[in-house]
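So the chains spell out like this:
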Amino acid sequence: MSFEYVLAIETSCDDTSVAIVRQDGYVVECLAANQDLVHQPFGGVVPEIASRNHTLQILPLVEKVLEKSEFTIDKIDGLAVTSRPGLIGSLLVGVVTAKTLALIHDRPLIGVNHLEAHLLAPFLYDDEFSKPQDLKFPYLALAISGGHTQLYLVHDFGQYEVLGRTVDDAAGEAFDKFAKRLGLSFPGGVQVDRLAKDGDKNKYALPRTMVHEDSYNFSFSGLKSAATRLVDSLSDSERLSERAHLCASFQEAVVESLMYKLNKAAQELSISRVVLTGGVSANSRLREVSEAWAKKNKITLFVPPIRYCTDNAAMVGFAGVQRLIKGESSDQNLSASASSLPSDFKEASR
Ligand code: KG4
Ligand code: ZN
């Protein structure tokens, strides 16, 4: 069976997204319904609210994607859905929807690991964004989002080696918690980025945790605690007047910690292609520092456009169609799982 177009569904956290993707990475259509405003009053994603919203949004979004792309479901060769890892109630909405569509329309189904999808995001392209010509395997990929901070060596489709991961908070989570402490609204990463532009990144000395440890792991809880103590030591008026400097200093600590391990892996493994993906790769200081680093070290850096860095169904469709092409598929027993399966990623034995 040939697979040209898949319809993909992503509901692993708080974004409902549906896409139609061609097997070469061309994104026919990708729409997302963001829930940030709904979760804002709580300062974080409330799982129960997220899954309820997915149930309201998913079918209208499927219809809208079909309508906008002028596709009918008989032109679709398969269904791809994020089945792991993520919030279980949220994942279930996507999985049940995809299973139902697959059953009704008699199409093959594939459950996709959300992190695998992030790793393959640089292969996506559309009318405004062309796929980079020289993106080839192997490459290093740093996946940095609100839920994950992982460094991978991507050998091929389906062959991923985990080099390192955060031992505590994810980078995005650290940004969001720090922002909350400063009284900024959720999700705070974007606002820290914006405020930091007017701040002095050297004003406050904050720790770069784990940089002296000989591993590719990350840690942000020490930084979070130090930043919390610093913010709490200030008066209300200082907190406001120092906001830009606090944001710039905090952001610099996160960026340096990420770059330190990324550089270590690129040098030690002699890899010259590097991908940044996940919501935090939107950070302007990280982009600036990583671009300068890549230039200096003759590394080709791939950072997909923000719409494919943050959670989206297009990346799920692309990861799914590669697996369908290889002959893999899921059946109606597909279930959602809060964590990755042991077979999804190989742990590095370095
Ligand atoms: O990948 P994503 O959209 O969702 C998942 O968490 O899977 O990532 C969202 C995270 C949030 O923590 C948000 O604060 C962070 O990405 N983020 C940023 C920026 N834009 C989004 N962090 C720092 N600077 C940014 N510009
Ligand atoms: Zn994600």
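Residues numbered from 1 in each chain as written. Chains lettered and ligands numbered in written order. Predicted model: local features only at pLDDT ≥ 70, side-chain atom pairs only at ≥ 80, totals over all residues. Heavy atoms only, no water.

Participant: A description of the sheet that holds strand S6 (residues 139-144) should follow, citing residues and the corresponding values.
Facilitator: The 6 strands are arranged S10-S9-S6-S7-S8-S11 in an open sheet whose pairing can be described as mixed. Both outer strands of the open sheet, strand S10 (300-302) and strand S11 (346-347), are each paired with one neighbouring strand and no more. Where strand S8 (residues 159-165) and S11 come together, 2 bridges link them in parallel fashion. Note on S11: the bridge partner recorded for Glu161 is Lys346. Sheet strands touched by helix H9 (residues 243-269): S6, strand S7 (149-156), S8 and strand S9 (273-277). Its angle to S6, the strand with the most contacts, is close to 165°. (Pairing = 2+ DSSP bridges. Helix = DSSP H or I, 4+ residues; strand = E, 2+ residues; numbered from the N terminus. Contact = heavy atoms within 4.5 Å. Axes fitted to C-alpha atoms, helices over the stretch in contact; angles between N-to-C directions.)

Participant: Talk me through the coordination of the zinc ion (ligand 2); I want residue IDs and the actual numbers.
Facilitator: Each angle at a metal carrying four tetrahedral donors should ideally be 109.5 degrees, and each at a metal carrying six octahedral donors should ideally be 90 or 180 degrees. Looking at the zinc ion (ligand 2), one finds its protein donor set to be His114 (NE2), His118 (NE2) and Asp311 (OD), positioned 2.1 to 2.2 Å from the metal centre. Taken together, the 4 donor atoms coordinating the zinc ion (ligand 2) span angles of 84 to 144° at the metal, a pattern that classifies the geometry as irregular. (Donors = N, O, S within 2.8 Å, 3.2 Å for Na, K, Ca; no water. Tetrahedral: all angles 85-135°; square planar, octahedral: opposite > 155°, others 65-115°.)

Participant: Please give an account of helix H5 (residues 171-181) that cites residues and values.
Facilitator: Buried within H5 we find Ala171, Gly172, Ala174, Phe175, Asp176, Phe178 and Ala179. In this structure, the buried residues of H5 make contact with S6, S7, helix H6 (189-196), helix H7 (221-232) and H9. Where H5 ends, the next residue or the one after it, Gly183, has phi of about 85°, a positive value. (Buried < 20%, exposed > 50% of the residue type's maximum accessible area, 1.4 Å probe, protein only.)

Participant: Now, about the site of ligand 1: what can you tell me, with residues and values included?
Facilitator: In the vicinity of ligand 1 there are 17 residues, among which Gly146, Asp176, Asp193, Gly279 and Asn283 approach most closely. Between ligand 1 and Gly172 there is a distance of 3.2 Å, counted from an oxygen atom to a backbone nitrogen or oxygen. Residue Gly279 places a main-chain N or O atom 2.9 Å away from an oxygen atom belonging to ligand 1. Burial of ligand 1 by the protein amounts to 88% of the accessible area it has alone, namely 550 Å². Grouping the amino acids of the shell around ligand 1 by side-chain chemistry returns 5 nonpolar, 9 polar and 3 charged. (Near = heavy atom within 4 Å. Polar contact = N/O pair within 3.5 Å; in protein donor to acceptor, adjacent residues only side chain to side chain. Areas by Shrake-Rupley, 256 points an atom, 1.4 Å probe, with all protein chains shown as cover. Nonpolar A, V, L, I, M, F, W, Y, C, P; charged D, E, K, R; others polar.)

Participant: Which residues make up the pattern of salt bridges, and what values do they have?
Facilitator: For the structure on display, the rule yields 19 salt bridges. When the shortest N-O distance is used, the salt bridge between Arg307 and Asp126 registers 3.0 Å. Taken together, the residues Arg307 in helix H11 (residues 306-309) and Asp126 in the loop between helix H4 (114-119) and S6 connect sequence positions 181 residues apart. Residue class for Asp126 comes out buried when judged on its relative accessible area of 13%. Between Arg323 and Glu328 there is a salt bridge, with the nearest N and O atoms lying 2.9 Å from each other. Under the relative-accessibility criterion, Arg323 is labelled buried at 12%. What makes Glu328 partly exposed here is its relative accessible area of 31%. Because the salt bridges share partners, they merge into one network encompassing Asp169, Glu173, Lys177 and Lys224. (Salt bridge = Lys/Arg side-chain N within 4 Å of Asp/Glu carboxyl O.)

Participant: Describe the pairing of S8, naming the residues involved and giving the relevant values.
Facilitator: Of all 7 residues in S8, 5 are buried; the element is thus mostly enclosed. As judged from the 6 bridges shared by S7 and S8, these two strands associate in the antiparallel manner. Each residue of the ladder has a partner; that of Val154, found in S8, is Tyr160. Hairpin connection of S7 to S8: 2 residues between the antiparallel strands, including Gly158 at a positive phi of 80°.

Participant: If you had to explain the packing of H9 against helix H10 (residues 284-296) to someone new, which residues and values would you point to?
Facilitator: In the contact formed by H9 and H10, the axes pass within 10 Å of each other and the chain directions differ by 30°. Judged by the inter-axis angle, H9 sits roughly parallel to H10. Where H9 crosses over H10, the two elements pack in a sense that is right-handed. Across the interface between the two elements, Gln251, Glu252, Val255, Leu258, Met259, Leu262, Asn263 and Ala266 of H9 pack against Arg285, Leu286, Val289, Ser290 and Trp293 of H10. For the contact of H9 with H10, the per-class residue count stands at 8 nonpolar, 3 polar and 2 charged. (Parallel < 35°, antiparallel > 145°, perpendicular 65-115°, else oblique. Left-handed = near helix turned anticlockwise from the far one by under 90°.)

Participant: Tell me about helix H3 (residues 88-105), and name the residues and values.
Facilitator: The end-to-end C-alpha distance of H3 is 26 Å, a good match for the 26 Å that 18 residues give at a rise of 1.5 Å each. Those residues of H3 that sit buried are Ser90, Leu91, Val93, Gly94, Val95, Thr97, Ala98, Lys99, Leu101 and Ala102. The secondary structure elements touched by the buried residues of H3 are strand S1 (5-10), helix H2 (47-69), strand S4 (78-84) and strand S5 (109-113). Within two residues after H3, Asp106 carries a phi angle of roughly 55°, on the positive side. (Expected span 1.5 Å × (residues − 1).)

Participant: For the packing of aromatic side chains, give the residues involved together with the corresponding values.
Facilitator: In the structure shown here, the tally under the stated rule is 13 aromatic pairs. With centroids separated by 5.6 Å and ring planes inclined at 40°, the aromatic side chains of Phe123 and Phe137 adopt a geometry described as tilted. Here Phe123 is found in the loop between H4 and S6, whereas its partner Phe137 is found in the loop between H4 and S6, with 14 residues between them in sequence. Residue classification places Phe123 among the buried residues on the basis of a relative accessible area of 8%. (Phe/Tyr/Trp six-rings, centres within 6.5 Å; stacked < 30°, edge-to-face > 60°.)

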